[in-house]
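Structural overview for review
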Amino acid sequence: MGIIVQKFGGTSVADSEKIKNVASAALREKNKGNQVVVVVSAMGHTTDNLIKLSKEITLKPSEREMDMLMSVGEQISMSLLAMAIQETGNDAISLTGLQAGIQTENCHMCARIVDINPSKIKKHLDEGKIVIVAGFQGVCEDNEITTLGRGGSDTTAVAIASAIQADRCDIYSDVEGVYTCDPRIIKTAQKLDKISYEEMLELARVGANVLHPRSVETAKANKIPMRVRSSFKLEDLGTLIIGVEEMELNKPVTGLACDSSQTRIVICDVEDKPGNAAKLFNLLAEKNISVDMIIQSYARQSNNTNDIAFTISNDDLNKFNQIKEEIYGIVNTSNIHIDSDITRVSIVGAGMIDRPGIAAKMFNTLAQEKINIKMISTSEIKISCLVEKQYKDQAAVALAKVFDLDGAEIADVKGDLPVV
Ligand code: ADP
Ligand code: ASP
Ligand code: MG
């Protein structure tokens, strides 16, 4: 007998028929003799609608109350799913994050899970029930409700899988697996049979929202075999996410992703002296504003200043605007430019390690499309370029073509990669 954790996203539980379909998917695993935990997201666009409602009341809601509001969505779907399973004559119980023992850090709207006490989940599993857990939520000190950040139900599922030592964690969604790029942007994107945790983590971080980045981090750390599969084609195996050591690296680039949810901040004429960057980024960290790409320019000899550019999430822009005066005080300038008309286009591939020419090929491709690059950042297995938002699709299509991510089947070349 195995232990399986299944997670169903918003589209998979969007209406009562789909909830009944999820009940069948859970029973399908249970009838194979497995113990089954199901993690659910909120129905359809419920979370978006709750956020919209809050905006009709205030543009500066307290984060605590936002968590009280947003955590409601998952509780609707979990109870309806429990009823759907009970209706078939089988036993099921739904649990909130608190009841499921999900403890998070003391922070609202983007809390990390710090511990799970799975005793209640295990007790119900041992009693033969299918256990349904509300995704995306937990509790911090004093049992205050927290949420894990948008898309966080994936992380709930993997964290539970690791706490109960599940044999597998299946993430069911409206796509048949992980593709080389978002199939909504590139229709001919290819489904991958396998992808490494490392590549999936980078892709998720740079905008492939098919998985919440922390779910991949958790699966990697705890070696949980994870699959992304379709809730509408239950028999399909989807995409398996495994360690990079088990992969054959056939191509330098495995996938690409676009992210239009970032804002670029450029602070010009910052005095070039020790401590300025530290004070600035300490303040941002204190306010819980996470920063992504960071670039500091070469200091100008004429007036001993440089420019610091970085990106933050659009969701944090309000918080940033509230501390602008404090920032002026730190950097001793009010010459700050804010630009939300940007998209980050990234290519990811473990096969690009030690392979010269990949960055040049990416920049050449954008140049041929006459797309200006506003900022560049790299990691060992990723290259990201910021471009104007209007060029998102054009850049993605051109890069997918050049790096062999669309059209023809993915080549199954063994042995050494050609140097590109
Ligand atoms: P769920 O509600 O099931 O969690 P999400 O909307 O969060 O679903 O994630 C699924 C969506 O992720 C797909 O509909 C797809 O458009 C998008 N997506 C982005 N990048 C990729 C990718 N590389 N492979 C598959 N889907 C992707
Ligand atoms: N319902 C939450 C969201 O829409 C969490 C999730 O779906 O994973 O972000
Ligand atoms: Mg999701």
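Source: prediction; values computed, not measured. (Residues numbered from 1 in each chain as written. Chains lettered and ligands numbered in written order. Predicted model: local features only at pLDDT ≥ 70, side-chain atom pairs only at ≥ 80, totals over all residues. Heavy atoms only, no water.)

Relative to the elements of secondary structure, Ile 267 occurs in strand E14 (residues 262–271). Here Ile 267 falls in the buried class, since its relative accessible area comes to 0%. In the structure, Ile 267 is positioned 136 residues away from Phe 403 in sequence and 34 Å away in space, judged by C-alpha atoms. Not counting residues within four places of it along the chain, the set of residues in contact with Ile 267 comprises Leu 280, Asn 306, Asp 307, Ile 308, Phe 310, Ile 327, Val 331, Thr 333, Asn 335 and Ile 336. (Helix = DSSP H or I, 4+ residues; strand = E, 2+ residues; numbered from the N terminus. Buried < 20%, exposed > 50% of the residue type's maximum accessible area, 1.4 Å probe, protein only. Contact = heavy atoms within 4.5 Å.)

Quick look at the packing of helix H1 (residues 16–30) against helix H4 (residues 72–87) now. Where H1 contacts H4, the two axes come as close as 9 Å, and the packing angle between them is 65°. Crossing hand, H1 versus H4: right-handed. Note on element contacts: H4 touches H1 through Leu 80, Leu 81, Ala 84 and Ile 85, opposite Ile 19, Val 22, Ala 23, Ala 26 and Leu 27. Residues belonging to the contact of H1 with H4 are distributed by class as follows: nine nonpolar, no polar and no charged. (Axes fitted to C-alpha atoms, helices over the stretch in contact; angles between N-to-C directions. Left-handed = near helix turned anticlockwise from the far one by under 90°. Nonpolar A, V, L, I, M, F, W, Y, C, P; charged D, E, K, R; others polar.)

Turning our attention to the site of ligand 2. In the vicinity of ligand 2, the residues found are Ser 41, Ala 42, Thr 47, Glu 74, Phe 136, Arg 150, Gly 151, Gly 152 and Ser 153. Within the contact set of ligand 2, an oxygen atom lies 2.8 Å away from a backbone nitrogen or oxygen of Gly 151. Burial of ligand 2 by the protein chains amounts to 87% of its free accessible area of 260 Å². In the shell around ligand 2, the residues fall into two nonpolar, five polar and two charged. (Near = heavy atom within 4 Å. Polar contact = N/O pair within 3.5 Å; in protein donor to acceptor, adjacent residues only side chain to side chain. Areas by Shrake-Rupley, 256 points an atom, 1.4 Å probe, with all protein chains shown as cover.)

Turning our attention to the site of ligand 1. Surveying the vicinity of ligand 1 reveals 17 residues, the closest of which are Ser 173, Asp 174, Tyr 179, Asp 182 and Arg 184. Measuring from a nitrogen atom of ligand 1, one finds a backbone N or O atom of Tyr 179 at 2.9 Å. Between ligand 1 and the protein, one listed contact pairs an oxygen atom with a side-chain N or O atom of Asn 209 at 3.2 Å. Protein coverage of the free-state accessible area of ligand 1, which is 580 Å², stands at 87%. Split into classes, the residues belonging to the shell around ligand 1 amount to eight nonpolar, five polar and four charged.

Whether parallel or antiparallel, the strands of a sheet pair through hydrogen bonds between backbone atoms. Here four strands make up an open sheet; going across it, the order is E13-E18-E20-E19 and the pairing antiparallel. The sheet terminates laterally at strand E13 (255–259) and strand E19 (375–379), the two strands that pair on one side only. If you compare each strand with its neighbour and ignore which way they point, the axes differ by 20° on average. Inspection of the sheet shows E19 paired to strand E20 (residues 382–388) by five bridges, in the antiparallel sense. Counterpart to Thr 378 in the pairing with E20 is Ile 383. Running at roughly 20° to E20, helix H12 (residues 358–368) makes contact with strand E18 (342–348), E19 and E20 of the sheet. Sheet strands touched by helix H13 (residues 392–402): E13, E18 and E20. Its angle to E13, the strand with the most contacts, is close to 175°. (Pairing = 2+ DSSP bridges.)

Here we take up the sheet that holds strand E17 (residues 336–339). Spatially, E15-E16-E14-E17 is the arrangement adopted by the four strands of the open sheet, whose pairing is antiparallel. The sheet terminates laterally at strand E15 (291–296) and E17, the two strands that pair on one side only. Between one strand and the next, the sheet's axes are offset by a mean angle of 15°, whatever the strand orientation. Here E15 runs beside strand E16 (residues 305–313); their pairing, made up of four bridges, is antiparallel. By the bridge assignment, Gln 296 is partnered in E16 with Ile 308.

Turning our attention to helix H9 (residues 276–286). Regarding H9, the residues found buried are Asn 276, Leu 280, Phe 281, Leu 283 and Leu 284. For H9, the buried positions fall inside an angular range of 150° around the axis, keeping them on one side. Each element contacted by the buried residues of H9 is listed here: E14, E15, E16, helix H10 (317–322) and helix H11 (324–331). Among the residues trailing H9, Asn 288 stands out with phi positive, at a value near 65°. (Arc of directions from axis to C-beta.)

Remember, this is a structural readout, not a statement about activity or role.
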